[in-house]
Amino acid sequence: MEFPFSINQLFPERVSILDQTLVAGRKTTGAPHLQANIETVIDELGRASAKAQQLPASITSASKLQSQRHQLYLLKDGESNGGRGVVVGFLKVGYKKLFLLDHQGSHVEAEPLCILDFYIAENLQRYGHGRELFDFMLQHKKLEPVLMAYDRPSPKFLSFLAKHYCLTPSVPQANNFVVFEGFFVNRSVAQLRKVPLKKPDGEIKPYSLMEREVVHQEQRARPWPFAPPHSPLRSVSSQCSHSLSVGSSPSRARPQAAPVSALGRNRDQSPQSPLIERCRERRSSSLNRSHLGLH
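All values derive from a computational prediction rather than experimental measurement. Residue positions are given per chain, counting from 1 as you read along its sequence in written order. Only residues with pLDDT of at least 70 are given local features in this predicted model, and only at 80 or more are side-chain atom pairs given and counted; all residues enter the totals for whole chains, interfaces and linings. Water and hydrogen atoms play no part in the side-chain values, which are based on all heavy atoms of the structure.

**Observations regarding the pairing of strand 3 (residues 86–95)**
A regular strand places its side chains on the two faces of the sheet in alternate fashion. For every residue, the accessible area obtained with a 1.4 Å probe (protein chains only) is divided by the maximum for its type, and the residue is called buried under 20%, exposed over 50%, and partly exposed between those limits. For the purposes of this entry, the term helix denotes a DSSP run of H or I that reaches at least four residues, the term strand denotes a run of E that reaches at least two, and both are numbered from the N terminus. Counting buried positions over the ten residues of strand 3 gives nine, a clear majority of the element. As judged from the eight bridges shared by strand 2 (residues 70–77) and strand 3, these two strands associate in the antiparallel manner. Paired with His70 across the bridge in strand 3 is Gly94. Any two strands with at least two DSSP-identified bridges between them are counted as paired. Bridge analysis of strand 3 against strand 6 (residues 113–120) gives seven bridges, and the strand direction is antiparallel.

As C-alpha cells, this is what we get:
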C-alpha cells in the first residue's frame, strides 16, 4: 500500500511493533504530524483487511489499538515507491481469556496469545511476505503456532496455516476462535484450568429418598387422626420417624394397635400406647376386687 508520505520516516525497521503508544521509533516521538500519519496508515490497513475478509466494519484501527492491550506487527518494503517505502501488511495479536472445549468436550479456561487480524496487500501476496511476518512474530513471542488461538480465520488464512505450519485439523469450538490439535497437549497445566461443573444444590443423604416418599404419601392421604390404623401410610410413617429420630433407642417398644373387630370398629377408637393399656388393666383389677369385697 502506498501513501502520500514517507513510510520509511514513520517506520525505520522492516518490521515495526506498535502498541498503545502508537510509537514506531524515536523519530516519531514528540512529532504530532508523524503520529497522525501513523494513525492514517493503521486505519487504512484496518479498512483494507475488513474489505478483504468481507467484514461489515473494521476490527483494527488506531483508536482501538490505543484502547486495547494489543500489539501490531507492521511489515514494509523500504525500497519501493521511489525510496519512500510501501506498507506490505500487518499482523495484530493479543491475549484473550477464552473458554474452550478440549477433545473430550470438557470446558477449559485459557488465556492464550490470539491472532486477531492478519492482512497482506493483494498485489504483494504469494511472495512470502505473510510467512516472513508470521515467523517474525513467533520469534519475538518465542511461541509455537499450535499454542495460539485464531479469531475468525478466513479460508485463505486456514490454508496458509495448514501449508506452512501443518495446523490441521482444528478442535471444534462454540465461539469464533479456532484452536488446533496439540493446543491442549503441549500446553502446561499452569496455562490451562478446567472449569468445574456447577455443583448441585445439596448432597442427597441416604435417607432423603425415603423421607421424601413419606412426605408425598402424607400429602396424598388424609391426616393422621383420620387415617386407618393399619394403613401403609401409618406403618411407613412410624418406621421412618423411628429410624430418623436423633435420640431414638433401639430397645424402645413400638405402639401396638388394638385388634380390629370382624364387624368393624368405632370411629373414635384409635391405637393405644402400652402405658394406657396397663392403666386400664390396673383400674379393671381394682374394680373387680372392690366388687368381690362388697358381695
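**Regarding the UniProt feature "site: Crucial for catalytic activity" (unreviewed entry) in the protein chain**
UniProt positions are given in the numbering used here, feature names are shortened, and annotations may be inferred rather than shown by experiment. According to UniProt, the feature "site: Crucial for catalytic activity" (unreviewed entry) maps to Gln53 in the numbering used here. Checked against the element boundaries, Gln53 lands in the loop between helix 2 (32–52) and helix 3 (62–67). The exposure class assigned to Gln53 is partly exposed, which follows from its relative accessible area of 27%. Among all residues touching Gln53, those that are not within four sequence positions of it are Asp117, Phe118 and Arg152. At a separation of 2.8 Å, a polar atom in the side chain of Gln53 contacts the side chain of Ser49. Here a residue-residue contact requires only that any non-hydrogen atoms of the pair lie within 4.5 Å. Polar contact is defined as a pair of N or O atoms within 3.5 Å, subject to the rule that within protein one atom must be able to donate a hydrogen and the other to accept it, and that residues adjacent in sequence are counted only when both atoms are side-chain atoms.

**Here we look at unusual backbone geometry**
For residues that are not glycine, phi is negative in most cases, and the peptide bond is trans in most cases. Looking along the chain, the bond that leaves Thr168 and enters Pro169 is cis, with omega of -5°. When you line up the elements, Pro169 lands in the loop between helix 5 (155–165) and strand 8 (170–171). We note that Arg152 has phi near 45°; this positive angle belongs to a residue other than glycine. Among the secondary structure elements, Arg152 is positioned in the loop between strand 7 (149–151) and helix 5. Although it is not a glycine, Cys166 adopts a positive phi angle of roughly 55°. Here Cys166 lies in the loop between helix 5 and strand 8.

**Digging into the sheet that holds strand 6**
Two pairing modes exist for strands in a sheet, parallel and antiparallel, and in both the strands are linked by backbone hydrogen bonds. What the seven strands build is an open sheet, ordered 1-2-3-6-7-9-8; its pairing is mixed. A single partner strand is all that each edge strand has here, and the edge strands are strand 1 (15–18) and strand 8. As judged from the two bridges shared by strand 8 and strand 9 (residues 177–180), these two strands associate in the antiparallel manner. When the bridges of strand 9 are listed, Ser170 appears paired with Phe180. Those strands touched by helix 5 are strand 6, strand 7 and strand 9, and its axis lies near 110° from that of strand 6. Where helices are involved, their axes are fitted lines through C-alpha atoms of the stretch in contact, as for all axes, and angles between N-to-C directions lie from 0 to 180°.

**Focus on the nonpolar core**
Nonpolar side chains tend to gather and get buried jointly when the protein is soluble and globular. Only buried residues count toward a nonpolar core. Its members are Ala, Val, Leu, Ile, Met, Phe, Trp, Tyr and Cys residues joined through side-chain atoms within 4.5 Å. Ranked by internal contacts, the top residues of the largest apolar core, which has 49 residues, are Val41, Ile115, Phe134, Met137 and Tyr150. Broken down by element, this core gets its largest block of residues, six residues, from helix 2. Contacts of Tyr150, omitting those with residues within four sequence positions, involve Ile115, Phe134, Pro145, Phe157, Leu161, Leu167, Asn176, Phe177, Val178 and Phe180. Counting eleven residues, the second largest nonpolar core, distinct from the first, contains Leu98, Leu100, Cys114 and Phe177.

**A closer look at the environment of Pro145**
Its location among the elements puts Pro145 in the loop between helix 4 (129–141) and strand 7. For the pair Pro145 and Cys114, spaced 31 residues apart in the sequence, the C-alpha separation amounts to 9.8 Å. What Pro145 contacts, discounting residues up to four positions off in sequence, is Phe134, Leu138, Tyr150, Tyr165 and Leu167.

**Overview of helix 4**
Here helix 4 contains 13 residues, and its C-alpha end-to-end distance of 18 Å stays within 8% of the 18 Å for a straight helix at 1.5 Å per residue. Of the positions making up helix 4, those classed as buried are His129, Gly130, Leu133, Phe134, Met137 and Leu138. Considering only its buried residues, helix 4 is in contact with strand 1, strand 2, strand 3, strand 6, strand 7 and helix 5. Where helix 4 ends, the next residue or the one after it, Lys142, has phi of about 55°, a positive value. A helix's residues, less one, multiplied by 1.5 Å, set its expected span.

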